[in-house]
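# Coordinate inspection notes
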Amino acid sequence: MKTFFFYTGAPVNVFGIELELIRKHEKAGDEVRVFQCTGNLAGCHWNLRHNPFRCALCRSCFKKGWNALKPSKNVELKRFSQSDALNPPPEKIFLSVDELKQFRYDDEKIGYGIASTLISIFRDHRFDTVAYAKDILNLMSAAIHVYNTFKREFTENRPDRVFIFNGRIATCQPVILLCKKLKIEYFVYELATPANHYRLLREATVHNAEAALEEIEKTWAGGGPNKEEEARLWFELKRKGTTKGNMRSFTHRPIHGTL
């Protein structure tokens, strides 16, 4: 089977998931093709303004991981071509986040991914789209570059399945949109708890409520005889702000009774 992966400069722990999945499908005998951004995208979720030092660090990280993988001949590495970039980039001012979300390219709403990335970076779901117009256009150029690259690749060398990280951010969402459009099976992976674990969903993102419900019900059905007691204790400890085990507390800093 032809299996495509897309490396987007993600953090090391995410890259580790990608390498593990690549190895798994390599061993299964798949024809694996891995696409790497080598700094010719206008920006990304982890390097919004295309800082050259971060780009160099990303390429170095990828090189070390790739060398450690030592892939066989059925794993091909492809780098993004600048010819798929939209030149000149679009020039458009959006007056609101809602307007940005509605932006379409090739009749696909790639504006959602752009808005999602910037909301995460700015920690503001109603950020000033006029003040950050340049950042929007950088991500728009990157998203369109990704879209054009994979549209050409899917047409010339159609894969059986595609693996993509997260699925919601500006440089990943276009791949999901294309998979849906061209009816190509896709899988989304994401970090999980505890450490050294990951989630893998078929044709759904981790933000999909129905997919999350299905995972919850499956996990609950596979629980042991003490699952109700364990679940109750977990929620009670969370309410107390406990950081036991792998728990995180989001309420230990505020002064109780002041809100």
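As a starting point, this report considers the structure included with it. (Residues numbered from 1 in each chain as written. Predicted model: local features only at pLDDT ≥ 70, side-chain atom pairs only at ≥ 80, totals over all residues. Heavy atoms only, no water.)

### A few points about the pairing of strand E5 (residues 185-191)
When a strand is regular, its side chains alternate between the sheet's two faces. Burial within E5 is extensive, with five of its seven residues counted as buried. Relative to E5, strand E4 (residues 161-165) runs parallel, the two sharing five bridges. The residue bridging Phe165 from the neighbouring strand is Tyr189, located in E5. Handedness of the crossover joining E4 and E5 through helix H6 (residues 173-182): right-handed. Relative to strand E6 (residues 198-202), E5 runs antiparallel, the two sharing five bridges. Across the sheet, residue Leu191 finds its bridge partner in E6, namely Tyr198. What sits between the antiparallel neighbours E5 and E6 is a turn of six residues, in which Asn196 has the positive phi angle 70°. (Buried < 20%, exposed > 50% of the residue type's maximum accessible area, 1.4 Å probe, protein only. Helix = DSSP H or I, 4+ residues; strand = E, 2+ residues; numbered from the N terminus. Pairing = 2+ DSSP bridges. Right-handed = clockwise from strand over helix to strand, strands pointing away.)

### Focus: helix H4 (residues 111-122)
Relative to the 16 Å expected for 12 residues at 1.5 Å per residue, H4 spans 16 Å between its end C-alpha atoms, a close match to the ideal helical length. Listed in full, the buried residues belonging to H4 are Gly111, Gly113, Ile114, Ala115, Ser116, Thr117, Leu118 and Ser120. Looking one or two residues past H4, Arg123 carries a phi angle of roughly 55°, positive in sign. (Expected span 1.5 Å × (residues − 1).)

### Digging into a nonpolar patch on the surface
Taken together, the side chains of Ile93, Leu95 and Val130 make up a nonpolar region of the molecular surface, amounting to roughly 310 Å² of accessible area. The residue Val130 is located in the loop between H4 and helix H5 (133-156) in this model. (Patch = residues over 30% accessible without salt bridge, like charges linked within 9 Å, V, L, I, M, F, W, Y side chains within 5 Å. Areas by Shrake-Rupley, 256 points an atom, 1.4 Å probe, with all protein chains shown as cover. Salt bridge = Lys/Arg side-chain N within 4 Å of Asp/Glu carboxyl O.)

### A few points about the nonpolar core
Counting 42 residues, the largest nonpolar core has Phe6, Ile22, Phe150, Phe154, Val162 and Val175 as its most contacted members. For this core, the element with the highest residue contribution is helix H1 (residues 12-27), accounting for six residues. Residues contacting Ile22, with those up to four places away along its chain left out, are Phe5, Val32, Val34, Trp66, Leu69 and Val75. In terms of nonpolar packing, the next biggest core, distinct from the first, is built from 18 residues, Val97, Ile144, Ala170 and Leu177 among them. (Core = buried A, V, L, I, M, F, W, Y, C linked by side-chain atoms within 4.5 Å. Contact = heavy atoms within 4.5 Å.)

### Topic: the environment of Pro52
You can see Pro52 is positioned in helix H2 (residues 52-69). Here the alpha-carbon distance between Pro52 and Asp98, two residues 46 residues apart in the chain, equals 31 Å.

### Focus: H1
Taking 1.5 Å of rise per residue, 16 residues should cover 22 Å, and H1 covers 22 Å from first to last C-alpha, within 8% of that figure. By the burial criterion, the buried members of H1 are Val14, Phe15, Ile17, Glu18, Leu19, Leu21, Ile22, His25 and Glu26. At the exit of H1 stands Gly29, carrying a positive phi of roughly 90°.

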